[in-house]
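Inside the fold
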Amino acid sequence: MSEDVVPQRIVVVGTGLIGTSIALAMRERGAEVLLADRDEAALRLAVELDAGEPLPDGPLDEPADLAVLAVPPAAVAVTLLDAQKRRLAAAYTDVASVKALPLAQAADLGCDLATFVAGHPLAGSERSGPGAARADLFLGRPWALCAAPQSRPEAVAAVRALAQACGAMPVEVDAAEHDRAVALVSHGPHVVSAAVAARLTGADDVALGLSGQGVRDVTRIAASDPRLWIGILSANSQPVADVLEAVATDLAVAASLLRDGSEEAAAHVADLLLRGNAGRSRIPGKHGGDQPAYATVQVVIPDRPGELAMIFQAAGIAQVNIEDVTIEHSPGRPLGVLELAVVPESAEALAEELRARGWSVPSPAGSGGTGTAGSAGT
């Protein structure tokens, strides 16, 4: 199969969030999709969502172009071996977020690595299951391709074509390098988020009542399925441990300095905060490259149907593109503050349009630095 040919017949083994999202995306491209899952309820829901048809028992009349193994890291190798014994497809890939260990296990089991290309779409949600799946989940997202030395060019081309058909950006990377990278940008941060969220289990009503967008942002991913994540962390244990040890060292030093209470100690803590600013600014913007500086337009909105739609309509009339959106809810009140990130030169035009339509809009916050401006001190 050439690089330009999108797989027209695929098998998806595993109908969770990622597997079903791939199936939905490929269905939109006109592909025939066959689905399999040990969880009959998940499979049934994916079929009802029109993600595909159930994979028949036994051998297929003709192998599919590609089989996608949307299973946890620990199950990749055995699932690959079973799929290859059944001759489900001409080429195979997976979507697990760890690459080196499944590849080693597949080699130990005697899988045919010539037809297998390890893959990892870097997209997801704190929600799980086929009900959370979306055909546009991968738009603009990186999709790692970790080919083994034995992987045939046509297998690599098939998986690259799949990623592109789903709207993702294929990135070819070594498996070990991939695992170190995701430990830093995904797996480690998840554990840190969980550690912060775990502090809230003993919080009293006063503390919880004071919680704002800051703690919600930091703990959002802690809502993910722990069963899924313990499998990911176990499969990538050493790189994740390295990241956590480095973070723990920074935190331990900061705690010690804060207890010291001196001006010199405060300066050292400030250095950590400044390094945090510098690291945050290196995260690519939505179109890749450096993050642009945005201004923040704040709008006080009542909690009633249609309010957001009218604000977005007003932005369209003002010909202002909204780069990002956050909502800060007012506890106990039917109000919220909508924060719209826009390029600085568009901020005042949007504010004027919204004021003219009756919304309460303070003067734009100017350039909010890199990325969207959050609520300070929350």
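Here the structure is shown first, and the text comes after it.
Rules used throughout
- Residues numbered from 1 in each chain as written.
- Predicted model: local features only at pLDDT ≥ 70, side-chain atom pairs only at ≥ 80, totals over all residues.
- Heavy atoms only, no water.
- Helix = DSSP H or I, 4+ residues; strand = E, 2+ residues; numbered from the N terminus.
- Buried < 20%, exposed > 50% of the residue type's maximum accessible area, 1.4 Å probe, protein only.
- Lys, Arg positive; Asp, Glu negative; His and termini not counted.
- Charge placed at Lys NZ, Arg CZ, Asp CG, Glu CD.
- Pairing = 2+ DSSP bridges.
- Polar contact = N/O pair within 3.5 Å; in protein donor to acceptor, adjacent residues only side chain to side chain.
- Contact = heavy atoms within 4.5 Å.
- Phe/Tyr/Trp six-rings, centres within 6.5 Å; stacked < 30°, edge-to-face > 60°.
- Axes fitted to C-alpha atoms, helices over the stretch in contact; angles between N-to-C directions.
- Parallel < 35°, antiparallel > 145°, perpendicular 65-115°, else oblique.
- Left-handed = near helix turned anticlockwise from the far one by under 90°.
- Core = buried A, V, L, I, M, F, W, Y, C linked by side-chain atoms within 4.5 Å.

Focus: the overall build of the protein
Each helix and strand counted, the protein has 13 helices and 12 strands in total. Counting only C-alpha atoms, the protein reaches 65 × 55 × 40 Å along its principal axes. For the protein, the proportion of its 378 residues judged to be buried stands at 40%. Charged side chains in the protein number 28 positive and 47 negative. The centres of these two groups are separated by 2 Å.

Quick look at the pairing of strand β11 (residues 335-342)
Burial analysis of β11 places six of its eight residues in the buried class, the great majority of the element. Pairing between strand β9 (residues 293-302) and β11: eight bridges, direction antiparallel. Along β11, the bridge assignment pairs Val-300 with Val-337.

Overview of the sheet that holds strand β3 (residues 53-54)
Strand pairing in a sheet relies on backbone hydrogen bonds. The paired strands run either parallel or antiparallel. Spatial ordering of the open sheet is given by β3-β2-β1-β4-β5-β6-β7-β8, a layout of eight strands whose pairing is mixed. The sheet terminates laterally at β3 and β8 (169-172), the two strands that pair on one side only. With two bridges connecting them, strand β2 (residues 32-36) and β3 associate as parallel partners. Note on β3: the bridge partner recorded for Leu-35 is Pro-54.

Section: the side chain of Glu-307
Within the secondary structure, Glu-307 sits in helix α12 (residues 307-317). By relative accessible area, Glu-307 is classed as buried at 3%. At 2.8 Å, the side chain of Glu-307 forms a polar contact with the side chain of Arg-304. With near-sequence residues (within four places) excluded, Glu-307 lies in contact with Ile-301, Pro-302 and Trp-359.

A short note on the packing of aromatic side chains
Under the criterion given, the structure shown has one aromatic pair. On the numbers, 5.3 Å between centres and 50° between planes, the contact of Phe-138 with Trp-143 is tilted. Pair check on accessibility: Phe-138 and Trp-143 agree, each one buried.

Quick word on the environment of Asp-217
Mapped onto the elements, Asp-217 comes out in helix α8 (residues 213-219). Taking the C-alpha atoms as reference points, Asp-217 and Pro-56, 161 residues apart in sequence, are found 43 Å from one another.

Focus: the environment of Gly-58
Topologically, Gly-58 is positioned in the loop between β3 and β4 (66-69). By relative accessible area, which is 33% here, Gly-58 ends up partly exposed. A C-alpha to C-alpha distance of 35 Å links Gly-58 and Ala-176, two positions 118 residues apart in sequence.

With respect to the packing of helix α3 (residues 76-85) against helix α4 (residues 100-109)
Packing of α3 against α4 leaves a shortest axis separation of 8 Å and a crossing angle of 45°. Compared by their axis directions, α3 and α4 come out oblique. Every pair of crossing elements has a handedness; the one defined by α3 and α4 is right-handed. Note on element contacts: α4 touches α3 through Pro-102, Gln-105, Ala-106 and Leu-109, opposite Val-76, Ala-77, Val-78, Leu-80 and Leu-81.

Focus: the nonpolar core
In this structure, Ile-22, Met-26, Leu-35, Phe-138, Trp-143, Leu-162 and Cys-166 are the most contacted members of the largest nonpolar core, which totals 39 residues. Of all elements in the fold, only β1 (9-13), α1 (17-28), β2, α2 (40-48), β4, β7 (142-147) and α5 (153-165) reach the threshold of two or more residues within this core. Judged by nonpolar contacts, the second largest core, of 28 residues, contains Val-13, Leu-55, Ala-64 and Leu-80.

Bear in mind that shape data such as this cannot, by itself, settle questions of function.
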